[in-house]
Amino acid sequence: MPSTNPLELPEILQNVANYVVKRSLPTCALVSNTWYQEFNPFIWKSIRLTKRKPTPPEAIQIHGHLVKILFISCTFSQEHLVLRFPRLVSLTMKDLVQDGPVTPQWISQHPTISQLSLSFFERDPPETLWDKLLELPHLKCLTLITINIRKKYLQKFWQLCTQLESLTLESPSIPIPVTLVPMDFPSIKEIRLDITGEKQLPMFLELLQKCPGLTAFTWNSWSNDLDDAFRSSFVSLVVTKGRILWPHLERLVLKTWGTTHEEACQIIGGMKRIVSLCIGSSQGLFGPNTVDQLRPHFLTLTELDLAYNNNATSAMAQEILSSCLSLVAFR
């Protein structure tokens, strides 16, 4: 019987490939033809096109069918525009510049994309962006960083949001006066907002109210006044007219300054189930009443951040650590 190298047995190879760090994958691919066939998909599964370490377009063209995760932070040249990634799932394009319809057209030629992150060097995106994003049938997660959403494109932006499950907006620019949100978003489960303008706040609060299936929400700003305006509205929304607005909300990060003890209790009391929780700092925020509100969630808690709450005591910490059996992260 022909002998088989034990290192080339499928069960051995699969285990090795799953635990090898990425920088060692090319070395493993040089061991033998069998190892090359096994490790090559891992090498090309996730690639980065950057100015510091440019990847030759010829090599990408050969292995483009293996790429599922693509990060681009370099000038997108004509050489790159001819490349196709038929299995692309996640695309990140950083510091995009206004280049007409070229980039949106290239993005729309990858209908397999489900996660998309776009960071704009210039706030105004190409005019065709929204139409081309609407052509992506599987897009579920969208991140937009420093983007200007002009009033004439707001309707298309909201239409795009109806198909999303996750939306992240960092420092968006939206014209004032802000128009009302015209539709509901039953598919959205996760929202992250990092906004800088208080005049935009009513629109985003309205957006939140139109996401009844929300399971995770993150708020972050660098303005105390904006934090105060947001927090007073958000607390009243958690439980509105005797009903819980977001019955599935279980992950909450509020990076706000000045949250009061009473507000924290209302927020926690308005959540049916808590898996992950972080509430911004305030003198005396985390006290016995807060622990009382949190205690019914001890069995489901996996992450709890009290790093900015200087009123937490060692006795509270001991109770949390001994009672929260599923806890994996605690600050």
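This write-up is about the structure you can find in this document. Just so you know, these numbers come straight off a predicted model, no measurement behind them.

So, about the overall build of the protein chain. Looking only at helices and strands, the protein chain has 13 helices and 14 strands in total. Long-range pairs, those at least 24 residues apart, make up 64% of the contacts in the protein chain with a sequence separation of at least 6. Here the protein chain has roughly 17000 Å² of accessible surface; of this, 54% comes from carbon and sulfur atoms.

Okay, the environment of F39 next. Here F39 shows up in helix α3 (residues 33–45). Residue class for F39 comes out buried when judged on its relative accessible area of 0%. Sequence separation between F39 and P26 is 13 residues; the distance between their C-alpha atoms is 7.7 Å.

Summarising the element assignment, L277 is placed in strand β12 (residues 276–279). On the basis of relative accessibility, which here comes to 4%, the residue L277 falls in the buried class. Between the C-alpha atoms of L277 and L254, which are 23 residues apart in sequence, the distance is 8.4 Å. If sequence neighbours within four positions are ignored, L277 has contacts with L252, I268, L294, E303, L304 and D305.

With 13 residues, α3 ought to run about 18 Å at 1.5 Å a step, and its terminal C-alpha atoms sit 19 Å apart, in line with that. Of all the bends found along α3, the most pronounced is centred on F39 and spans about 35 degrees, while P41, a proline, follows it within four residues. By the burial criterion, the buried members of α3 are W35, F39, N40, I43 and W44.

What counts, and at which threshold
Residues numbered from 1 in each chain as written. Predicted model: local features only at pLDDT ≥ 70, side-chain atom pairs only at ≥ 80, totals over all residues. Heavy atoms only, no water. Helix = DSSP H or I, 4+ residues; strand = E, 2+ residues; numbered from the N terminus. Contact = heavy atoms within 4.5 Å. Areas by Shrake-Rupley, 256 points an atom, 1.4 Å probe, with all protein chains shown as cover. Buried < 20%, exposed > 50% of the residue type's maximum accessible area, 1.4 Å probe, protein only. Expected span 1.5 Å × (residues − 1). Bend = angle between axes of the 7 residues up to and from the residue.

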